[in-house]
Structure formats: structure tokens, C-alpha cells
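So the chains spell out like this:
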Amino acid sequence: MVPDSIRINPSVLAADFVNMQAEVGRIAAADFVHVDVMDNHFVPNLTFGPQMVERIQATSPVPLDVHLMITDADRWAPGYAELGAASVTFHLEAATDPVSLARRLRQIGARAGVAVKPATGVEGLYDVLDEFDQILVMTVEPGFGGQSFMADQMPKLARLHDEARRRGSQVWLQVDGGISESTIAQAAEAGADTFVAGSAVFGADDPARAIEALRSLAGSAHRH
Ligand code: DX5
Ligand code: ZN
């Protein structure tokens, strides 16, 4: 049985940008569409900004999970909540006041997420878990799709999971980078419940089947 707490969020970074409307139409079986915003400063790659995100929002069959890989998150993140994204995740490394920013995002009506790069610890978040709706543990260096899953992030994720459960927190634990049918079980075993997959979904001949395969593998491996 697949628990309803498993979420599969395909990343449009692996989609054909010129046919975005058709591409998001292929992932109606997903929970959220993951939208990677990159500014060529926080990461060495550039995607798009609020105008494109708003167009994706207008055509997507599922709600938006925006992942901001941009500097000066305090200044820019609220705009993505204002345009109607269901969740907005900023990087801990890029925010001056993560708790105030998360409160602001919630006030606007979005789920507030915070992401950490592979070298960043999560211990500092333990006392403020309730300020966030989701925590994203990156399983690659942010910036590009198609990289290899970093299994060395699993102990950090498992500690975060156990700490969150111990404190009675309902925070969602997300992983992003290198998630495929061969890696998703490891992340689920370590406690992730929300899975971003770019190439594994948009690179598949049948994205709906790929989403269900990932969902079922994660469901059987999930750490409770
Ligand atoms: C990487 C992005 C990811 C990326 C994942 O910086 O945040 O969302 O699209 O791509 P895959 O699943 O191909 O590793
Ligand atoms: Zn992402």
C-alpha cells in the first residue's frame, strides 16, 4: 500500500522550456510541479523569474512548488508567494532572517520551505521546525539537473527526520537531485516524504507511469 504522505514533484528543469504548457500537461498525476528559479549568482546557472513562473502557474494542472536558488531571498521570495505558488522554498544560505521570511510567506498564503546545500547542516533548524512547512535536503549541488544522487546526505536526513518526529513536527522532508527508481528507496528509508525528480520523470516515455513507479517505491521504503 502507498501511504498518502508520499509526494512526487517533477522538476520542470528537465522539461522542454519552449513547450512548457504541453510539458506540465504530462504530469497531471504528480502532487506538485517543482519549479527551479536560478539567478546565476547563488548557483552557476540561470533559468527564469516570476513572469515565467506565473505562466507555468496559469497552465499547470497541479500546484506549484517553487525552489529559489537565488541570493537575497528575503527580498525576492515573497513575490513568488504573491503570484500564487502553493509552496516557496528559499535557501538557508541565501536568507538573512529565515524565520521572518518563512512567516511572511505563510502570511501571504504559501507553504514556507527552507533548503540546504549538501555542505550545510540542519541542526540550527531543530528549534524552529514549526516555522516551516517543508525542509529540502539537497542530494546534489544545486544548479543542474541530471547529476548523481549523493547518498552521503542520508545520515543528515535521517537525523532531521527523527528529530522532527521526536518533537511532534509535521514538517515535510523533501529531497532534490538524482532521484530515480534506483535511488528513491534510500531517500525514503532515511525519512523523506516529498521527492523532486527531473530527468527521471520528464526523460521518461511515459511520465505518468514514472510518477507512479517512484511513488510506489517510496511508499514501500518510507521510514515512519
Ligand atoms: C538542481 C535542481 C533540481 C533538478 C533535479 O539544482 O534543484 O530540482 O531539476 O534534477 P534531477 O532530478 O535530474 O537530478
Ligand atoms: Zn530543485
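The name recorded for the protein chain in an unreviewed UniProt entry is Ribulose-phosphate 3-epimerase, from Microbacterium aurum. Regarding the protein chain, the relevant UniProt record gives this comment under Sequence similarities (unreviewed entry): "Belongs to the ribulose-phosphate 3-epimerase family."

(A) Highlighting the overall build of the protein chain. A tally of regular secondary structure across the protein chain gives eight helices and eight strands. Rg of the C-alpha trace for the protein chain: 16 Å, near the compact-globule value of 17 Å for 224 residues, within the 12% margin. In terms of overall dimensions, the protein chain has C-alpha extents of about 40 × 40 × 30 Å along its principal axes. For the protein chain, the proportion of its 224 residues judged to be buried stands at 56%. A separation of at least 24 residues holds for 64% of the contacts in the protein chain among residues at least 6 apart in sequence. On the protein chain, roughly 9,300 Å² of surface is accessible, and the fraction owed to carbon and sulfur atoms is 49%. One finds the centroid of the 17 positive side-chain charges in the protein chain at a distance of 4 Å from the centroid of its 29 negative side-chain charges.

(B) Geometry of the packing of aromatic side chains. Taken as a whole and assessed by the stated rule, the structure comprises three aromatic pairs. For the ring pair phenylalanine 17 and phenylalanine 48, a centre distance of 5.4 Å and an interplane angle of 50° mean the geometry is tilted. Pair noted here: phenylalanine 17 is in the loop between strand 1 (7-10) and helix 1 (20-25) and phenylalanine 48 is in the loop between strand 2 (33-38) and helix 2 (50-59), with a separation of 31 residues, a long-range link. Judged by its relative accessible area of 34%, phenylalanine 17 falls in the partly exposed class. Ring plane angle 70° and centroid distance 6.0 Å describe the contact between phenylalanine 32 and tryptophan 172, whose orientation is recorded as edge-to-face. Here phenylalanine 32 is found in the loop between helix 1 and strand 2, whereas its partner tryptophan 172 is found in strand 7 (residues 172-176), with 140 residues between them in sequence.

(C) Representation of the site of ligand 1 in the model. Every one of the 20 residues lining ligand 1 counts as a neighbour, but Asp36, Gly143, Asp176, Gly198 and Ser199 are closest to it. Contact between ligand 1 and aspartate 36: an oxygen atom at 2.7 Å from a side-chain N or O atom of the residue. In the model, an oxygen atom of ligand 1 is placed 2.9 Å from a nitrogen or oxygen of the glycine 146 main chain. For ligand 1, whose unbound accessible area comes to 380 Å², protein coverage reaches 99%. Top element by residues in the shell around ligand 1 is strand 2. It accounts for three residues. Of the residues belonging to the shell around ligand 1, the class tally is eight nonpolar, 10 polar and two charged.

(D) Fine view of the side chain of aspartate 65. Take aspartate 65: it is sitting in strand 3 (residues 64-69). Comment: no salt bridge for buried aspartate 65; closest opposite-charge side chain is arginine 111, at 7.0 Å. In this structure the side chain of aspartate 65 is engaged in a polar contact, spanning 3.2 Å, whose partner is the side chain of asparagine 9. Side chain to side chain, aspartate 65 and serine 87 meet in a polar contact 2.6 Å long.

Definitions and limits used
Residues numbered from 1 in each chain as written. Chains lettered and ligands numbered in written order. Predicted model: local features only at pLDDT ≥ 70, side-chain atom pairs only at ≥ 80, totals over all residues. Heavy atoms only, no water. UniProt positions renumbered as here; feature names shortened; annotations may be inferred. Helix = DSSP H or I, 4+ residues; strand = E, 2+ residues; numbered from the N terminus. Rg over C-alpha atoms; globule rule 2.2 N^0.38 Å. Buried < 20%, exposed > 50% of the residue type's maximum accessible area, 1.4 Å probe, protein only. Contact = heavy atoms within 4.5 Å. Areas by Shrake-Rupley, 256 points an atom, 1.4 Å probe, with all protein chains shown as cover. Lys, Arg positive; Asp, Glu negative; His and termini not counted. Charge placed at Lys NZ, Arg CZ, Asp CG, Glu CD. Phe/Tyr/Trp six-rings, centres within 6.5 Å; stacked < 30°, edge-to-face > 60°. Near = heavy atom within 4 Å. Polar contact = N/O pair within 3.5 Å; in protein donor to acceptor, adjacent residues only side chain to side chain. Nonpolar A, V, L, I, M, F, W, Y, C, P; charged D, E, K, R; others polar. Salt bridge = Lys/Arg side-chain N within 4 Å of Asp/Glu carboxyl O.

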